[in-house]
Amino acid sequence: MVNRDVEVDEDPIRLAQLLKLAGVIDTGGEAKLRIAAGEVRVNGEVEVRRGRQLRRGDVVEIDDQRLRVR
């Protein structure tokens with residue numbers, strides 16, 4: 001699993017926004033589908049809400065990547 005920090009200007013930031021900012025997905029539509037399909041975890045728990053508010057320190061997992069909000 002690849003670990004990396006993602007610097008954000010906004011705190012909190014929505015899950016879909018973070019995935020786009022990190023370059024993991026290209027569009028909001030793709031984020032919606034991947035999140036709804038249960039392919040994303042936040043702090044170890046499957047998350048199906050793309051509007052989920054993330055704060056600094058939260059960890060998002062998708063595919064083989066682990067992203068920490070900074």
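Here the structure is a predicted model, which means the values were calculated and not measured. (Residues numbered from 1 in each chain as written. Predicted model: local features only at pLDDT ≥ 70, side-chain atom pairs only at ≥ 80, totals over all residues. Heavy atoms only, no water.)

Caption draft 1: Inspection of the sheet that holds strand 4 (residues 45-46) at higher detail. Reading across from one edge, 1-7-6-3-4 is the order of the 5 strands in this open sheet, with mixed pairing throughout. The sheet is open, and its two edges are formed by strand 1 (2-6) and strand 4, each paired on a single side. Of the strand pairs in this sheet, strand 6 (residues 59-62) and strand 7 (residues 65-69) are connected by 4 bridges, and their pairing is antiparallel. Across the sheet, residue I62 finds its bridge partner in strand 7, namely Q65. (Pairing = 2+ DSSP bridges. Helix = DSSP H or I, 4+ residues; strand = E, 2+ residues; numbered from the N terminus.)

Caption draft 2: Structural context of a positive patch on the surface. Side chains of R14, K20, K32 and R50 sit close together on the surface and give a patch of like positive charge. Looking at where R14 falls in the secondary structure, it is placed in strand 2 (residues 13-14). (Patch = residues over 30% accessible without salt bridge, like charges linked within 9 Å, V, L, I, M, F, W, Y side chains within 5 Å. Areas by Shrake-Rupley, 256 points an atom, 1.4 Å probe, with all protein chains shown as cover. Salt bridge = Lys/Arg side-chain N within 4 Å of Asp/Glu carboxyl O. Lys, Arg positive; Asp, Glu negative; His and termini not counted. Charge placed at Lys NZ, Arg CZ, Asp CG, Glu CD.)

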